[in-house]
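In case you want the letters, here they are:
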Amino acid sequence: MKKEILRLLMEQDGFISGQQLCDRLKVSRTAVWKAINQLRKEGFEIEAVSNRGYRLLTVPDRLTEAQLFSDMQRSGLFHTELQFYDEIDSTNHQARRLAEKGASHGTIVVAETQTAGKGRRGRSWVSPAGCGIWMSLILRPEISPSKASMLTLVAALGTAEGLREMCGIDCGIKWPNDLVLNQKKICGILTEMSTELSEIRYVIVGIGINVNTEAFPEELLDKATSLKLETGKTWKRSPLIAAIGKRIEEYYQIFLETQDLSQLREAYLSRLVSLHKPVVILSGEESREGICRGIDEGGELLVELPDGRIETVLSGEVSVRGLYGYV
Ligand code: BTN
């Protein structure tokens, strides 16, 4: 029924009345109205004018395997395997399942929507259809597991660079891996690893980007934003995914040369929003204040404490004044 209404709206060059829809589909006005609302929720913009009826204004941007494949080829990501799903629990979960079955290094897993998207620290990640990029990369680096956390920083840098290239925007990075615009989060990265003895079996780098999201729930209003809210434009996600994949691949190769961030540190620091600003390090119940002095070659955050000592922070929560509503 919803599909039928959509077909009729698409065929019509202008308005189609509610009565015409009811007559053609032999359904009630309420049923038509409900279907129209469902379509709106899925991202179709439908105008309703009394005495004239309904008119389809825009259709949502839908990801397709064919389009993604062609955009990836155009960007130069030739050797990458693509796994695309209209719906999946979590691209990180799926990437893990594929990796366990032997999926090759560089496989990209993309979904239009996730039903159980995961954020860091056990949080959930809301991943509706039509407005975001939900993707995971399967990597099989021959490096020590102790170096894997740097891959998150590599991915953050690659994603920021891909967004600059395609959209002309310069995101900041909140260490280690949130991308921010105007003090709000636009992208989060979740890196997971499987090891055996002292070797990496695979690393999954999951990237979530709010692209065409128009509104966020109340509790996220001062914390989250999207490309659309910041630029006022709607962005095609498929070429963005390809550009980001390509950039991450390039930075990954640079990282592998030295297996540290020595060649990427300057680029990372130029985006680090907390550089030379006060930060609060939260570890468990404890919190300490200091001034951020950048990162070292291993990707650890350098924080100058009030007594002048420099503390290196490997993981944990770091808050930055002015970000995500933190004052
Ligand atoms: C964070 O908490 O900031 C990390 C969010 C990571 C979300 C992405 S969306 C694609 C991939 N699949 C998931 O379930 N999570 C990551």
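Engineer: What is the right way to look at the site of the ligand in this model?
Structural biologist: Close to the ligand lie 20 residues; S90, Q114, K118, R120 and K185 are nearest. Here an oxygen atom of the ligand and a backbone polar atom of K118 are 2.7 Å apart. Only helix 5 (91-100), strand 5 (132-139), strand 8 (184-196) and strand 9 (199-210) provide two or more residues apiece to the shell around the ligand. Broken down by element, the residue count for the shell around the ligand peaks at 4 residues, all from strand 8. Across the shell around the ligand, the residue classes tally to 6 nonpolar, 10 polar and 4 charged.

Engineer: I'm lost on the confidence of the model for the protein in this one. Help?
Structural biologist: Keep in mind that low pLDDT regions are not for reading the predicted coordinates in detail. Averaged over the protein, the pLDDT score is 92; the fraction of residues at 70 or greater is 98%. The secondary-structure element of the protein with the lowest mean pLDDT is strand 14 (residues 317-320), recorded at 76, while helix 5 shows the highest, at 98.

Engineer: When you look at the nonpolar core in this model, what are you seeing that I'm missing?
Structural biologist: Note on soluble globular proteins: their nonpolar side chains tend to be buried together. One finds V110, M135, L163, W175, L179, L227 and L301 to be the most contacted residues of the largest nonpolar core, which totals 66 residues. Per element, the largest residue contribution to this core is 10 residues, and it comes from helix 6 (residues 149-167). Apart from the residues lying within four places of it in its own chain, the contact partners of L179 are A156, T159, A160, L163, C171, G172, I173, K184, K185, I186 and C187. Counting residues in hydrophobic clusters, the runner-up holds 16 residues, among them I5, L25, L39 and L56.

Engineer: Please clarify how the sheet that holds strand 13 (residues 310-313) should be interpreted in this entry.
Structural biologist: If you walk across this open sheet you meet the 5 strands as 13-12-11-10-14, and the pairing is antiparallel. At either end of the open sheet lies a strand with only one pairing partner, and these are strand 13 and strand 14. Taking each pair of neighbouring strands and ignoring which way they run, the sheet shows an average axis angle of 45 degrees. Note that strand 10 (residues 278-283) and strand 11 (residues 286-295) share 6 bridges and pair antiparallel. For S283, the partnering residue across the bridge sits in strand 11 and is E286.

Engineer: Please explain the side chain of E161 as it appears in this structure.
Structural biologist: Looking at the element boundaries, E161 is found in helix 6. By relative accessible area, which is 13% here, E161 ends up buried. Side chain to side chain, E161 and R164 meet in a polar contact 2.6 Å long. In contact with E161, not counting residues within four places along its chain, are R247, Y251 and R271.

Engineer: How do you make sense of the environment of W235 when you look at a structure like this?
Structural biologist: Along the chain, the position of W235 falls in the loop between helix 7 (227-231) and helix 8 (237-258). One polar contact links the side chain of W235 to the main-chain carbonyl oxygen of K233, over a distance of 3.5 Å.

Engineer: Just to check I follow, could you spell out the packing of helix 6 against helix 8 for this structure?
Structural biologist: When two helices pack together, you describe them by how their axes are tilted relative to each other and by the distance separating the axes. Between helix 6 and helix 8, the least distance of the axes is 7 Å, while the angle of their chain directions is 135 degrees. Classified by the angle their axes make, helix 6 and helix 8 are oblique. Considering only the axes of helix 6 and helix 8, their crossing is right-handed. Residues belonging to the contact of helix 6 with helix 8 are distributed by class as follows: 16 nonpolar, 3 polar and 4 charged.

Calculation criteria
Residues numbered from 1 in each chain as written. Predicted model: local features only at pLDDT ≥ 70, side-chain atom pairs only at ≥ 80, totals over all residues. Heavy atoms only, no water. Near = heavy atom within 4 Å. Polar contact = N/O pair within 3.5 Å; in protein donor to acceptor, adjacent residues only side chain to side chain. Helix = DSSP H or I, 4+ residues; strand = E, 2+ residues; numbered from the N terminus. Nonpolar A, V, L, I, M, F, W, Y, C, P; charged D, E, K, R; others polar. pLDDT = per-residue confidence, 0-100. Core = buried A, V, L, I, M, F, W, Y, C linked by side-chain atoms within 4.5 Å. Buried < 20%, exposed > 50% of the residue type's maximum accessible area, 1.4 Å probe, protein only. Contact = heavy atoms within 4.5 Å. Pairing = 2+ DSSP bridges. Axes fitted to C-alpha atoms, helices over the stretch in contact; angles between N-to-C directions. Parallel < 35°, antiparallel > 145°, perpendicular 65-115°, else oblique. Left-handed = near helix turned anticlockwise from the far one by under 90°.

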